[in-house]
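# Coordinate analysis (summary)
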Amino acid sequence: MLRALFRLISAGCLVILFSPTQSAAQFAVCNQTLNVLNIAVGRYAYENFTTSGWWTVGPNRCANVIDRVLDVRYVYVFAQDVFGKEIMRGATPMCIDTKRFDIVGEEDCLLRGYLEARFHEVDTFKSERWTLFIYPPS
């Protein structure tokens, strides 16, 4: 009986050691342009939209912007170069700031002291992991 318990505990330890970690990239953004990009991300979480930024991504590099398994279908992305020129823009207005930020809510950005940006909607098709590639504007 003791030997069986030891085997069970050993097997459990192996499962824990070889299980994928939660820190693996779950939503990554890859910069395929020749410019350094600043990335902001928005998503619907806990009855509110939240936006976060900035991730600085060099040319031909990727950044993990959401580190846990995706629990939303849509992720919203805004990208600009280091000079402030919009590289990826969409139709969904959300709040951003000039410095690193985590903002809850997408309404009344200016009244709350934030800037408004138009985020591009990315449909992840309820996938647990997703990688978005940003290409140079055509």
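It should be noted that the structure appears before, not after, this text.
Keep in mind that this is a model prediction, so the values were computed, not measured.

Moving on, we get to the nonpolar core. Counting 19 residues, the largest nonpolar core has F27, I39, V75, V77 and I134 as its most contacted members. Counting residues per element, the ones that place at least two in this core are β1 (27–31), β2 (37–45), β4 (61–66), β5 (74–81), β6 (86–88) and β10 (130–134). Among residues more than four places away in sequence, those in contact with I39 are V29, G53, W54, W55, V57, V77, F78, A79 and I134. Counting residues in hydrophobic clusters, the runner-up holds 13 residues, among them Y76, F78, C109 and A117.

Time to look at the pairing of β1. Burial of β1 is extensive: 5 of the 5 residues sit out of reach of the surface. Covered by surrounding structure in β1 are F27, V29 and N31 together with A28 and C30, the residues of both alternating faces. Pairing of β1 with β4 involves 5 bridges; the strand directions are antiparallel. Bridging from a neighbouring strand, C30 pairs with C62 of β4. With 5 bridges joining them, β1 and β10 adopt parallel strand pairing. Bridge pairing links N31 to I134 in β10.

Another aspect to go through is unusual backbone geometry. Residue W54 is reached from G53 by a cis peptide bond, and omega for that bond is 0 degrees. Note on placement: W54 falls in strand β3 (residues 48–57). A positive phi is found at D108, a non-glycine position, where the angle reads about 50 degrees. Residue D108 is classed as partly exposed on the basis of its relative accessible area of 47%. Even without being glycine, K126 reaches a positive phi, approximately 60 degrees. Within the secondary structure, K126 is located in the loop between β9 (115–123) and β10. By relative accessible area, K126 is classed as exposed at 67%.

Conventions we followed
- Residues numbered from 1 in each chain as written.
- Predicted model: local features only at pLDDT ≥ 70, side-chain atom pairs only at ≥ 80, totals over all residues.
- Heavy atoms only, no water.
- Core = buried A, V, L, I, M, F, W, Y, C linked by side-chain atoms within 4.5 Å.
- Buried < 20%, exposed > 50% of the residue type's maximum accessible area, 1.4 Å probe, protein only.
- Helix = DSSP H or I, 4+ residues; strand = E, 2+ residues; numbered from the N terminus.
- Contact = heavy atoms within 4.5 Å.
- Pairing = 2+ DSSP bridges.

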